[in-house]
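Coordinate analysis (summary)
Residues per chain are reported as follows:
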Amino acid sequence: MSELIKNRRSIRKFKAGKAVTQEQLDILLEAAMLAPSARNSRPWEFIVVTKRDILDKIAELHPNAHMCASATAAIIVVAIPQDGGLEGYFPQDCGAATQNILLEAVALGLGACWCGIYPREERTASLAALLDIPDGKIPFNVIAVGVPDENPEQKGFFEAEKIKYFY
């Protein structure tokens, strides 16, 4: 199994004064855009926040995104709902892009934490207003990013009883 998968953790504490570089942000965004999507529809856009006042405001607005207050960057995955026979697949597609960001963060020695926004209407409305996201596009999640200041224990584990095989 990949060490990236084994080492991925939700990081909620970041080192102060250790900024995520532009090069690292670009690599994270490229990883996101390499994710699979239904019929290669790529129903996403990304907002990158490094401004301290906006990171702090995200931490205030989102009840579970307190880690943005210590993160030096955040990536907001913005969903663009599909049509033309693909309606309804944007959550899976944006989830795949998010997972690529989380795994690439580990590869870069960074920490990250995924905080859901969609489908909670109060969260989508407040983050859309803060980040000037136009109607028709949905703030899907916020990913806090920074240099980790913690190393949480692994929480996931293999559960054979949750598998059903048909041979």
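Further up the page is the structure itself.
Right, let's walk through the structure included here. A quick note: this is a predicted structure, and the numbers were derived from the prediction, not measured.

Criteria and thresholds
Residues numbered from 1 in each chain as written. Predicted model: local features only at pLDDT ≥ 70, side-chain atom pairs only at ≥ 80, totals over all residues. Heavy atoms only, no water. Buried < 20%, exposed > 50% of the residue type's maximum accessible area, 1.4 Å probe, protein only. Helix = DSSP H or I, 4+ residues; strand = E, 2+ residues; numbered from the N terminus. Pairing = 2+ DSSP bridges. Axes fitted to C-alpha atoms, helices over the stretch in contact; angles between N-to-C directions. Parallel < 35°, antiparallel > 145°, perpendicular 65-115°, else oblique. Left-handed = near helix turned anticlockwise from the far one by under 90°. Contact = heavy atoms within 4.5 Å. Polar contact = N/O pair within 3.5 Å; in protein donor to acceptor, adjacent residues only side chain to side chain. Patch = residues over 30% accessible without salt bridge, like charges linked within 9 Å, V, L, I, M, F, W, Y side chains within 5 Å. Areas by Shrake-Rupley, 256 points an atom, 1.4 Å probe, with all protein chains shown as cover. Salt bridge = Lys/Arg side-chain N within 4 Å of Asp/Glu carboxyl O.

In terms of burial, strand 2 (residues 73–79) is largely enclosed, as seven of its seven residues are buried. Every second residue of strand 2 is oriented toward a common face, with A73, I75, V77 and A79 on one face and A74, I76 and V78 on the other, all of them buried. Bridge count between strand 1 (residues 44–49) and strand 2: six bridges; the pairing is antiparallel. In the sheet register, F46 faces strand 2, and the bridge partner there is V77. Bridging between strand 2 and strand 4 (residues 138–146) involves seven bridges; their strand directions are antiparallel. Considered in strand 4, the bridge of A79 is made with I138.

The next subject is the packing of helix 3 (residues 52–61) against helix 5 (residues 121–131). Direction vectors running N to C along helix 3 and helix 5 enclose 165°, while the axes themselves pass 10 Å from each other. For the element pair helix 3 / helix 5, the angle class is roughly antiparallel. For the element pair helix 3 and helix 5, the recorded crossing hand is right-handed. For the pair helix 3 and helix 5, contact is made by I54, K57, I58 and L61 and by S126, L127, L130 and L131, respectively.

If you trace the backbone, T72 turns up in the loop between helix 3 and strand 2. The exposure class of T72 is buried, given its relative accessible area of 16%. Polar side-chain contacts of T72 include one of 3.3 Å to the backbone nitrogen of V20. The residues contacting T72, other than those within four sequence positions of it, are K18, A19, V20, V49, T50, L55, V145 and G146.

Turning our eyes to something else, we now look at a nonpolar patch on the surface. A grouping of F158, I163, Y165 and Y167 is seen on the molecular surface, where their side chains present a nonpolar patch of about 600 Å² in accessible area. Within the secondary structure, Y167 sits in the segment after strand 4.

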